[in-house]
Amino acid sequence: MRSLRTPLAVLAVGAALFATIASGETDEAKKVDDNGSSAAPAPAAAFGIGDVVELGDWRVQVHGVVDPYVSTNQFITADPGNRYVVVDTEVTNNSDKPAAVSSMMCFELQDSANKSYNITFTDSNTSSVDGELAPGAAKRGELSYEVPEAATGLRLQFKCDLFSSGSATINLS
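Residues numbered from 1 in each chain as written. Predicted model: local features only at pLDDT ≥ 70, side-chain atom pairs only at ≥ 80, totals over all residues. Heavy atoms only, no water.

**Topic: the packing of aromatic side chains**
Within this structure, the stated rule accounts for two aromatic pairs. Centroid distance tryptophan 58 to phenylalanine 158: 6.4 Å. Interplanar angle 75 degrees. Geometry classified as edge-to-face. You can see tryptophan 58 sitting in strand 4 (residues 58-69) and its partner phenylalanine 158 sitting in strand 11 (residues 155-158), a full 100 residues away along the chain. Like phenylalanine 158, tryptophan 58 is buried. Within the aromatic cluster, the residues linked to one another by ring pairs are Trp58, Phe107 and Phe158. (Phe/Tyr/Trp six-rings, centres within 6.5 Å; stacked < 30°, edge-to-face > 60°. Helix = DSSP H or I, 4+ residues; strand = E, 2+ residues; numbered from the N terminus. Buried < 20%, exposed > 50% of the residue type's maximum accessible area, 1.4 Å probe, protein only.)

**Details of the sheet that holds strand 7 (residues 107-110)**
Pairing within the open sheet is antiparallel, and its four strands lie in the order 8-7-11-12. Where the open sheet ends on each side, the last strands, each with one partner, are strand 8 (116-117) and strand 12 (168-171). Two elements, strand 7 and strand 11, share four bridges in a ladder whose sense is antiparallel. Bridging across to strand 11, glutamine 110 finds its partner in arginine 155. (Pairing = 2+ DSSP bridges.)

**Quick notes on the pairing of strand 7**
Pairing of strand 7 with strand 8 involves two bridges; the strand directions are antiparallel. Following the sheet pairing, glutamine 110 is matched in strand 8 by serine 116. Taken together, strand 7 and the strand that follows it, strand 8, pair antiparallel across an intervening segment of five residues, in which asparagine 114 is found at a positive phi of about 65 degrees.

**Considerations on the side chain of glutamate 54**
Among the secondary structure elements, glutamate 54 is positioned in strand 3 (residues 52-55). Within the local environment of glutamate 54, its side chain forms a polar contact with the side chain of arginine 59, the two groups lying 3.1 Å apart. (Polar contact = N/O pair within 3.5 Å; in protein donor to acceptor, adjacent residues only side chain to side chain.)

**Section: the side chain of aspartate 123**
Checked against the element boundaries, aspartate 123 lands in the loop between strand 8 and strand 9 (131-133). No salt bridge is formed by the buried aspartate 123; its nearest oppositely charged neighbour, arginine 83, is found at 15 Å. There is a polar contact of 2.8 Å between the side chain of aspartate 123 and the side chain of tyrosine 69. Excluding residues within four positions of it along the chain, aspartate 123 makes contact with Tyr69, Ser71, Thr72, Asn73 and Ile76. (Lys, Arg positive; Asp, Glu negative; His and termini not counted. Salt bridge = Lys/Arg side-chain N within 4 Å of Asp/Glu carboxyl O. Contact = heavy atoms within 4.5 Å.)

**Things to note about the state of the cysteines**
Enumeration over the complete set of coordinates arrives at one disulfide. Each sulfur in the disulfide pair cysteine 106 and cysteine 160 lies 1.9 Å from the other. Given an S-S torsion of about 55 degrees, the disulfide between cysteine 106 and cysteine 160 has right-handed geometry. Taken as a pair, cysteine 106 in helix 2 (residues 103-106) and cysteine 160 in the loop between strand 11 and strand 12 lie far apart in primary sequence, 54 residues in all. This pair shows no difference in class: cysteine 106 is buried, exactly as cysteine 160 is. (Disulfide = S-S within 2.5 Å.)

**What about the confidence of the model for the protein chain?**
Residues with a pLDDT of 70 or more make up 76% of the protein chain, whose mean pLDDT is 81. In this model residues 2-24 is a low-confidence stretch, pLDDT under 50, and it forms two contacts with partners more than four residues away in sequence or in other chains. (pLDDT = per-residue confidence, 0-100.)

Okay, here's the thing in C-alpha cells:
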C-alpha cells in the first residue's frame with residue numbers, strides 16, 4: 001500500500017498545481033481616457049498609437065513608430081528584403097508590488113498574415129523598457145524588430161502576466 005501512496009500523492013500535487021495555473025485570471029484590455037479612468041473592455045482592433053491601454057496591473061502606450069528605421073551605423077543593417085521597425089513604448093506598473101517587464105516576454109510584433117517577429121537590436125539611442133518597476137512607476141523605451149519589406153498591418157501584442165489569458169493588441173498603422 002505504501003508504494004501506491006507516493007505516486008498518488010505526486011499525482012494529486014501535480015493536478016492541484018495544474019488547476020492553479022490553468023485557472024489564471026482573464027484580463028480584458030481597456031482603453032483609459034484622458035482623466036485616467038478605465039472604460040469598458042474594447043475589442044482588440046480598437047487600440048491604436050497614442051491610446052493608453054490597461055491590462056490587469058499594467059498600462060501600456062505606444063507613443064510612435066519609426067517604419068522603416070534606418071540605422072546610422074553602417075554595420076547595423078537589416079537583412080536583404082527586410083526592414084527595421086522601432087516602436088516607442090511606455091509601460092506602467094499599476095499594482096501595489098514591484099513587477100518586472102521584459103521586451104522579449106511581454107511584447108510580440110505581428111503582421112497581417114499573423115506572423116510573429118522577435119525583438120532585435122539596432123543602434124537606436126533610446127533605452128528599452130526592460131527592468132523592474134516599483135508600484136506606480138513607468139518606463140519608456142524602444143522596441144526594435146526586423147520584418148520583411150512586404151510585411152503590412154503591423155500590430156504590437158502586449159501580455160505581461162503569465163497566469164492571465166488576456167492580452168492587448170495595438171495597431172501600429
